Amino acid sequence: MMQRKKSFGVGGLSHSGPEVKDDDDGGSTKKKTTRVTFASRIMSKSASNYCLPGVPTAFKLILLSFVGFAFLVVLTAKGQHKHWHYYHLRAPNNMPMREPHMPEPLLEKVHRHMERSKGDAAKSVHGKKAPNDGSISSLDATQRMLAQPSRFVDSEKKLKHQLLKLLERQNAELKNKPKDPNDGVLGVKISNRYLGEDLLPYPDSRAGEKEWEKRMEARKANLERRDKQEWNEMMFRYDEVMEKYEDFYHPLESRQEDEGDNDPSMDSHDAGSERNADRRKANLVDDGDTSADTAPVRPHRGTTQWPSPSEKAGPDTTILLKPAFGSHRPSNDAILVFAEGYDLSIYLAFVESLIGTGYSGDLVLSISAEEKLKPDVKKYLQSINSKAGGVNIVAYEVDWSCFKQSGEAVADSNGGISHCKMNNVFGDAYGNPVSDPREPRPVATARYEIYWIWSLHYMKESWLMLIDARDAWFQLHPFGDLISRGKASGELHLFGENADAVRIGTSSFNRSWLITAYGEKAVLPYYQQPVLCSGSTVGNQDAIETYLRAMVAQFDTTLCKSKGCDQGFHNYLYYSGKLGTTGSKGGVEGISKVIVHDQGKGIINNLAALRTRPLSEWGLYDAKRELVLNWDGTTSAVVHQYDRDKEVNVMVKGRKRQFESTWSSSKSA
């Protein structure tokens, strides 16, 4: 049989075949050299017998063309060391994707991709293609993987080590069995989870199994809560990264939103309304609906120069602190008072004198936890709310952990001397409690964070008063003169002590608080200034909220922990101009005007500095009418520090006895 060796060609190019014997001439053995193209062989009749006989010629052409194209693609991809399957993938905004590589942690991967994309975008501005230099060697990836900490792997190793010790004890016990089997560890229960060095995954003996099981269940519950919290925090960080990722790839939408938020046509009053709307959406303003007090709320971060006090606890912190009883009324005015640890007589003097002025707004109080409350306090305060109209009491019970300055735990704040941390006030984005982010400090300093939380429940036009509870006495409506002027916003009113009697430089206490917090050089220019009392402040909600942010920020900056440092913060903020100057407008966002009232010339009359002689000799007390007066002879609306004057203190004590008698009669009726 005559031999043939096929020749192949592509695209009309042909390869010469070897010499062949051709028997077409009836057995001639004459050698011929042929040159056959791929196309002509396919089209020839003789060739069709060798290539898929019976298949139409057109289909053969299509099939062979496809095979040839696929062969070229594979060769090309292999030459570039890329798998053709990934070649077509593109990132958003038509940015090239990286080649497939060893898996990375999700958050790191997103961050790396964002940074690489930003670099690509920056270089594309100049018409240059950014190099793909994000790849890593397998050795680098392995080293990085091995360097990653793993609590789970470490726990397994520690558990194994603990169980090996148990095995050693059991083997020893097999050789020397104890007299009482309950004293041994053979057959004891074990846990398959690492519970810490202090709680082994097995009891010390069979006799201690029950006690060990109780401790184990409690520890497992704590670990589960911690695992859940860590998972929630990780998911929150993931959501935050993905939001940034989304903003990067959709800059137009983000820019349009930002432009809407920063509309220059929106004045400070409109911005305040927006902040109130945000607080209502977050259930911070409950509009009288007590159901809003049952869920964690997320404070509005605002845009003032001082951060939200909650931000120190972490991103997107929620507020867990809720009233023990009572409900805020957002459109009302409110008096905010830190009143923990007092007996009933203090509450009677404060509340009953306030009721006597005809005041019908909110009174927000921080009282001791119920188990520490003095007798009848809660019952009395709740009885006020049972009456139609009048004062509305909203009471909070803050849980404190207090310590001596040596660090030893104590039962309470010890009159403000001890340093304390707040418990269960802030939570994470999912409402799980987080620890107090600030160091232990006097409750007199920590109270400004509580005031700030309360202030968020009111509309920006509401008047708020911050006043001490123990030594305040009301004679007239506390906001009467302010309300009569009509609506206002952004006003902050500060109240001084008597400037003739004391100034910052002549008061060892006030001078010491300022120097401790800021240093002598910083406060020396203020030595001749009158002392402003931090226990008496009034303002619209927007101004008070800003002021409270500033007060909390002073502790975060100075870490001044002396009892009384809050008064140093108060004076420094004003005299340094950080709150704006007196009568100024637009100095600080949220505060449109700062008004300072000299002693005896405003709503609140601070009396502490006037001790050299009785108030009646100063002409500031009318004994016949039992009224404390201003310097112009008018009645003081709010008397602060009344107990510094013997005659006024005796008068108030007499009123307290009357209130106590009335309360006792109402209880027995």
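Rules behind the numbers
Residues numbered from 1 in each chain as written. Predicted model: local features only at pLDDT ≥ 70, side-chain atom pairs only at ≥ 80, totals over all residues. Heavy atoms only, no water. Helix = DSSP H or I, 4+ residues; strand = E, 2+ residues; numbered from the N terminus. Polar contact = N/O pair within 3.5 Å; in protein donor to acceptor, adjacent residues only side chain to side chain. Contact = heavy atoms within 4.5 Å. Expected span 1.5 Å × (residues − 1). Buried < 20%, exposed > 50% of the residue type's maximum accessible area, 1.4 Å probe, protein only. Phe/Tyr/Trp six-rings, centres within 6.5 Å; stacked < 30°, edge-to-face > 60°. Lys NZ or Arg CZ within 6 Å of the ring centre and 35° of its normal. Pairing = 2+ DSSP bridges. Right-handed = clockwise from strand over helix to strand, strands pointing away. Axes fitted to C-alpha atoms, helices over the stretch in contact; angles between N-to-C directions. Parallel < 35°, antiparallel > 145°, perpendicular 65-115°, else oblique. Nonpolar A, V, L, I, M, F, W, Y, C, P; charged D, E, K, R; others polar.

1. Focus on the side chain of Thr357
Reasoning step 1: Counting through the fold element by element, Thr357 comes out in the loop between α10 (344-355) and β5 (362-367).
Reasoning step 2: Separated by 2.6 Å, the side chain of Thr357 and the backbone oxygen of Leu354 make a polar contact.
Reasoning step 3: Thr357 has contacts with Phe474, Gln475, Leu476, His477 and Pro478, leaving out every residue within four places of it along the chain.

2. Let's talk about α10
Reasoning step 1: In this model α10 runs 16 Å from its N-terminal to its C-terminal C-alpha over 12 residues, within 8% of the 16 Å that 1.5 Å per residue would give.
Reasoning step 2: Counted residue by residue, α10 has 10 buried out of 12 residues, so it is predominantly covered.

3. Focus on the packing of aromatic side chains
Two aromatic rings, taken as a pair, are described by how far apart their centres are and by the angle between their planes.
Reasoning step 1: On inspection of all chains with the given rule, the structure shows 16 aromatic pairs.
Reasoning step 2: Here Tyr380 and Trp663 contribute two aromatic rings whose centre-to-centre distance is 5.5 Å and whose plane-to-plane angle is 80°, an arrangement assigned as edge-to-face. Residue Tyr380 is found in helix α11 (residues 377-385), and its partner Trp663 is found in helix α19 (residues 646-668); the two are separated by 283 residues along the sequence.
Reasoning step 3: Judged by relative accessible area, which is 10%, Trp663 ranks as buried.
Reasoning step 4: Taken together through their ring pairs, the aromatic side chains of Tyr518, Tyr526, Phe569, Tyr572, Tyr574 and Tyr575 make up a single cluster.
Reasoning step 5: When the ring centre of Trp618 is taken as origin, the NZ or CZ atom of Arg613, which lies over that ring, is 4.0 Å away.

4. Observations regarding the pairing of strand β4 (residues 334-338)
Looking down a regular strand, the side chains alternate between one sheet face and the other.
Reasoning step 1: For β4, the buried fraction is high: five of the five residues fall into the buried class.
Reasoning step 2: The side-chain alternation of β4 yields two buried faces, one formed by Ala334, Leu336 and Phe338 and the other by Ile335 and Val337.
Reasoning step 3: Across five bridges, β4 lies against β5 in parallel orientation. Looking at the pairing, Phe338 lines up with Ser366 of β5.
Reasoning step 4: In the classification by handedness, the crossover that spans β4, the intervening α10 and the parallel β5 is right-handed.
Reasoning step 5: In this sheet, strand β11 (residues 463-467) lies alongside β4 in parallel orientation, the contact comprising three bridges. Bridge pairing links Ile335 to Met465 in β11.

5. Regarding helix α12 (residues 443-455)
Reasoning step 1: Across its 13 residues, α12 extends 18 Å between first and last C-alpha, which sits within 8% of the 18 Å expected from 1.5 Å per residue.
Reasoning step 2: Counting buried positions along α12 gives 13 out of 13 residues, so the element sits mostly inside the fold.

6. A word on the packing of α10 against α19
Reasoning step 1: Where α10 contacts α19, the two axes come as close as 9 Å, and the packing angle between them is 95°. Put simply, α10 runs roughly perpendicular to α19. Residue-level contacts link Leu344, Ser345, Ile346, Leu348, Ala349, Glu352 and Ser353 of α10 to Lys656, Phe659, Glu660 and Trp663 of α19.
Reasoning step 2: The residue makeup of the contact of α10 with α19, split by class, is six nonpolar, two polar and three charged.

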